[in-house]
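A look at the structure
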Amino acid sequence: MDLDNRLENVTIIGAAGKMGSGIAVLIGQEIAKLKIKTPDKTYKLNLIDTNEKALNGLYAYIKSQFVKVAEKSIVSLRSMYQERADLVENKDIIDAFVEDALGAIRFGNNLEMANNSRLVFEAIIENEDVKISLLKKLNQICSKDAFFFTNTSSIPISFLDKNVGLDGRIIGYHFYNPPVVQKLLEVISGDTTLPEIKDTAKELGERLRKKLLPANDIAGFIGNGYFMRDGLYGIEEVNNLKSSHTFSESIYMINRVTQDFLIRPMGIFQLIDYVGIEVFQWILLVMNKHLKDVTLHNKLIDLMVEKKVLGGQNSDGSQKNGFFSYKKNKMIGVYDIEKGEYMPIEEKWKENMDGKLGSLPAGFATWKSLLSAEDKDNLLKTYFNNLKSDNTLGAKTAKKYLERSKEIGKELVKTKVAFSDEDVNTVLTNGFFWLYGPINSYI
Ligand SMILES: NC(=O)c1ccc[n+]([C@@H]2O[C@H](COP(=O)([O-])OP(=O)(O)OC[C@H]3O[C@@H](n4cnc5c(N)ncnc54)[C@H](O)[C@@H]3O)[C@@H](O)[C@H]2O)c1
């Protein structure tokens, strides 16, 4: 069965979530294009989620995204719709595309909707028991030769295959957040993954214009294999500062070092808040279970979860409180673990903390300004050379962080999670929007 056939009946499970809703927009577009080419065929895109409230909001979101897509690709759509003499104005074409795309979609919470599906995207909660039980049910309902594309961030694909009994009809298709925008797509084949599913995954990724990056089937893959260790190192550094600083001060300082001194888009604790502290904990649990010879754990994460300080996002996309508290997505407070409340980040306090870290090395430029700088590489090289010769607390901590960062990257290649240094760097530069990969010559 070729990809076009598979796209005739697709199910996305967890469709109302962050990842599922984005995948729905991407797949919806591909189905709409096929519908234009072959108007006589029937297409089904089943969007299933247990959260009814979120499902209700999904229709409006998806429709608005289809309008955006149609507006952006009006020239190619005009040529695709050349047979339709009734479509004259741009608005006619946009409306026709949105109608074709929405026409295939059915929303609901009933798994039976997946009846006869040939391609399934799974994007539910990162819990292996829940994923296994759901995939087992879907395997009974879908077409006998359905392919399963799982968005798991950490669970080995061979393990899922074995426990669900899919006989190789599963592949890791790890979109990055948000799937509509992010180019990177980590593709993970298990020991048993069938060659046909690999081909389908490749063809679909190319149609979606994604940057496909293979990773080995080792828990956490490249993205979380890196991120979990980087986050745990951040916590270790907080513990190192704790003898002379309060918890809140240490969190603020390590966050500042990882954002400004390392010129990354976000500090490490802001990033953990963004991903969600509980999600961070789940991924660590999975990795600990499946990886022998390593312990990836820190009790601070468990403590934060116990205190129900979870980070993550509200349904409108705004940031929930975690290590930091936020107002309009701006950090306004930092968590005080003893008091169980947020300490406001006041100007004077901030000045004091920044003073302890010391000035930023000469040549510093913000992540945002360097993003589009033509001579970015040279600017970074000069900046990191200056950082190496500075002796401030900020620079010394940043140097250690750069070293650890490189070590983590190298470990991923040595343990065969990643095929090459370059693949590790590609994940961090594309998936995490870093300006430079962790395996670099700056340190
Ligand atoms: N958020 C990210 O940055 C990110 C990035 C890459 C991969 N992932 C992975 O994608 C998957 C989904 O993550 P997310 O961030 O979109 O989570 P999410 O919580 O935003 O969405 C999960 C959705 O699944 C639904 N759901 C849960 N159990 C279900 C069930 N049994 N049947 C039907 N629907 C169910 C929930 O109602 C929710 O809408 C996870 O495996 C995660 O590890 C997440």
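**A short note on the domain arrangement of the protein chain**
Under the domain assignment used here, the protein chain contains domain 1 (3-215) and domain 2 (223-431). Just the C-alpha atoms count here: the centres of domain 1 and domain 2 sit 32 Å apart. Contact with domain 1, which involves 20 residues of that partner, is made by 17 residues of domain 2. Among the elements that make up the side of domain 1 that touches domain 2, the one with the highest residue count is strand β8 (residues 211-215) (four residues). Residues belonging to the side of domain 1 that touches domain 2 are distributed by class as follows: nine nonpolar, six polar and five charged.

**Section: the sheet that holds strand β5 (residues 147-150)**
Spatial strand order, β3-β2-β1-β4-β5-β6-β7-β8: eight strands in an open sheet with mixed pairing. Looking at strand neighbours, the two that pair on one side only are β3 (105-108) and β8, the edges of this open sheet. The mean angle between the axes of side-by-side strands here comes to 20°, regardless of whether they run parallel or antiparallel. When strand β1 (residues 9-13) meets strand β2 (residues 44-48), the two strands line up parallel, connected through five bridges. Bridging from a neighbouring strand, T11 pairs with N46 of β2. Contacts between helix α7 (residues 157-164) and the sheet are confined to β5, β6 (170-175) and β7 (184-188), with β6 contributing the most and set at about 135° to the helix. Relative to β6, helix α8 (residues 195-207) is tilted by about 25°, and along the sheet it contacts β5, β6, β7 and β8.

**Regarding the nonpolar core**
Core analysis: the largest hydrophobic core is formed by 119 residues, its most contacted members being I12 and V120. When residues are assigned to domains, this core turns out to be shared by domain 1 (3-215) and domain 2 (223-431), each giving three or more. Apart from residues lying up to four places away in sequence, V120 is in contact with T11, I13, A114, L138, C142, A146, F148 and F149.

**Some points on the packing of helix α10 (residues 247-261) against helix α17 (residues 393-414)**
Helix packing for two helices is described by the angle between their axes and how far apart those axes are. Taken N-terminus to C-terminus, the directions of α10 and α17 make an angle of 75°; their axes are 10 Å apart at the nearest point. In terms of orientation, α10 lies roughly perpendicular with respect to α17. Touching V257, T258 and F261 of α10 are G394, A395, T397, A398 and Y401, all from α17.

**Description of the sheet that holds strand β10 (residues 330-336)**
Hydrogen bonding along the main chain pairs the strands of a sheet, whether they run parallel or antiparallel. Ordered in space as β9-β10-β11, the three strands form an open sheet in which the pairing is antiparallel. Two strands bound the open sheet, and with one partner strand each, they are β9 (324-327) and β11 (341-344). Shown here is a sheet whose adjacent strand axes are inclined to one another by a mean of 40°, direction ignored. Note that β10 and β11 share four bridges and pair antiparallel. Bridge pairing in β11 places D336 opposite E341. Packed on one face of the sheet, α10 meets β10 and β11 and runs near 140° to β10.

**Some remarks on the site of the ligand**
In the vicinity of the ligand there are 26 residues, among which G14, G17, M19, N51 and N177 approach most closely. Elements with a minimum of two residues in the shell around the ligand: α2 (18-37), α6 (128-141) and β6. Residue contributions to the shell around the ligand peak at three residues, all from α2. Of the residues belonging to the shell around the ligand, the class tally is 13 nonpolar, 10 polar and three charged.

Definitions and cut-offs
- Residues numbered from 1 in each chain as written.
- Predicted model: local features only at pLDDT ≥ 70, side-chain atom pairs only at ≥ 80, totals over all residues.
- Domains from an automatic or database assignment.
- Contact = placed C-beta atoms within 7 Å.
- Helix = DSSP H or I, 4+ residues; strand = E, 2+ residues; numbered from the N terminus.
- Nonpolar A, V, L, I, M, F, W, Y, C, P; charged D, E, K, R; others polar.
- Pairing = 2+ DSSP bridges.
- Axes fitted to C-alpha atoms, helices over the stretch in contact; angles between N-to-C directions.
- Core = buried A, V, L, I, M, F, W, Y, C linked by C-beta atoms within 7 Å.
- Buried ≥ 20, exposed ≤ 12 C-beta atoms within 10 Å, placed from the backbone.
- Parallel < 35°, antiparallel > 145°, perpendicular 65-115°, else oblique.
- Near = placed C-beta within 6 Å.

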